[in-house]
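Secondary and tertiary structure notes
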Amino acid sequence: MSTTIFDLHAAVLADYDNFVRSFIQIADPRAREFVDQQLGEEARLWPEPLLQFSPAYQPGCTTAELAAEGVIHPTTAEIFRRPDGAPLRLHLHQEQAIRCAGDGQSFVVTSGTGSGKSFTYFLPIVDYVVRHGQDDHTLALVVYPM
């Protein structure tokens, strides 16, 4: 029997439901009934599945091109390569954010899921470590909403 994406979705929701419920200890039966209804029938913690197509993001330069310009260190460009060894082609919003970081400017990236937002700060963090070495203090703090 093969597992479908819908089976996986149901399994993830069931696991998450069990996880959330493991932290809930409600003595009052009316309050417990309300919370159970909200978690169960109303599914308040998870929306209906969303299926959408990823847009094509405007292409930017490659990590090798950024290294050639001195925006990132050549070692950073070597670290961030495709599995076949070719340089990574960045999306334009990634390139722009990495250039801002290289200039010491603050930046905010708002883009769709799967567009490489995390890459816009992980690459500059790694580049900083490559250029300056690692001390015994915190160099970056990454906070995710989950």
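Structure's up top.
Residues numbered from 1 in each chain as written. Predicted model: local features only at pLDDT ≥ 70, side-chain atom pairs only at ≥ 80, totals over all residues. Heavy atoms only, no water.

The next subject is helix α6 (residues 119–132). Here α6 contains 14 residues, and its C-alpha end-to-end distance of 20 Å stays within 8% of the 20 Å for a straight helix at 1.5 Å per residue. By the burial criterion, the buried members of α6 are Phe119, Thr120, Leu123, Pro124 and Asp127. End-on view of α6: buried residues confined to an arc of 125°, all on one side of the axis. Where the residues of α6 are buried, they touch α3 (63–69), α4 (74–79), β2 (89–91) and α5 (92–102). Looking one or two residues beyond α6, the residue adopting positive phi is Gly133, at roughly 80°. (Helix = DSSP H or I, 4+ residues; strand = E, 2+ residues; numbered from the N terminus. Expected span 1.5 Å × (residues − 1). Buried < 20%, exposed > 50% of the residue type's maximum accessible area, 1.4 Å probe, protein only. Arc of directions from axis to C-beta. Contact = heavy atoms within 4.5 Å.)

Before going further, it helps to examine the side chain of Gln94. The topology assignment puts Gln94 in helix α5. Residue Gln94 is classed as buried on the basis of its relative accessible area of 6%. Those residues in contact with Gln94 that sit more than four places away from it in its chain are Ser115, Gly116, Phe119 and Thr120.

Once that is clear, we can look at the state of the cysteines. Under the counting rule described, the total for this entry stands at 0 disulfides. We note that Cys100 lacks a disulfide partner, and the nearest cysteine sulfur, in Cys61, lies 13 Å from it. (Disulfide = S-S within 2.5 Å.)

Given two aromatic rings, one states the distance between the centres and the angle between the planes to describe the pair. Taken as a whole and assessed by the stated rule, the structure comprises 4 aromatic pairs. Judged by centre distance (6.3 Å) and plane angle (25°), the rings of Tyr16 and Phe19 are stacked. Here the residue Tyr16 and the residue Phe19 both occupy positions in helix α1 (residues 5–21), the gap between them amounting to 3 residues, near one helical turn. Given the relative accessible area of 32%, Tyr16 is considered partly exposed. Since its relative accessible area comes to 47%, Phe19 is described here as partly exposed. Every member of this aromatic cluster is reached through a ring pair, and the members are Tyr16, Phe19 and Phe23. (Phe/Tyr/Trp six-rings, centres within 6.5 Å; stacked < 30°, edge-to-face > 60°.)

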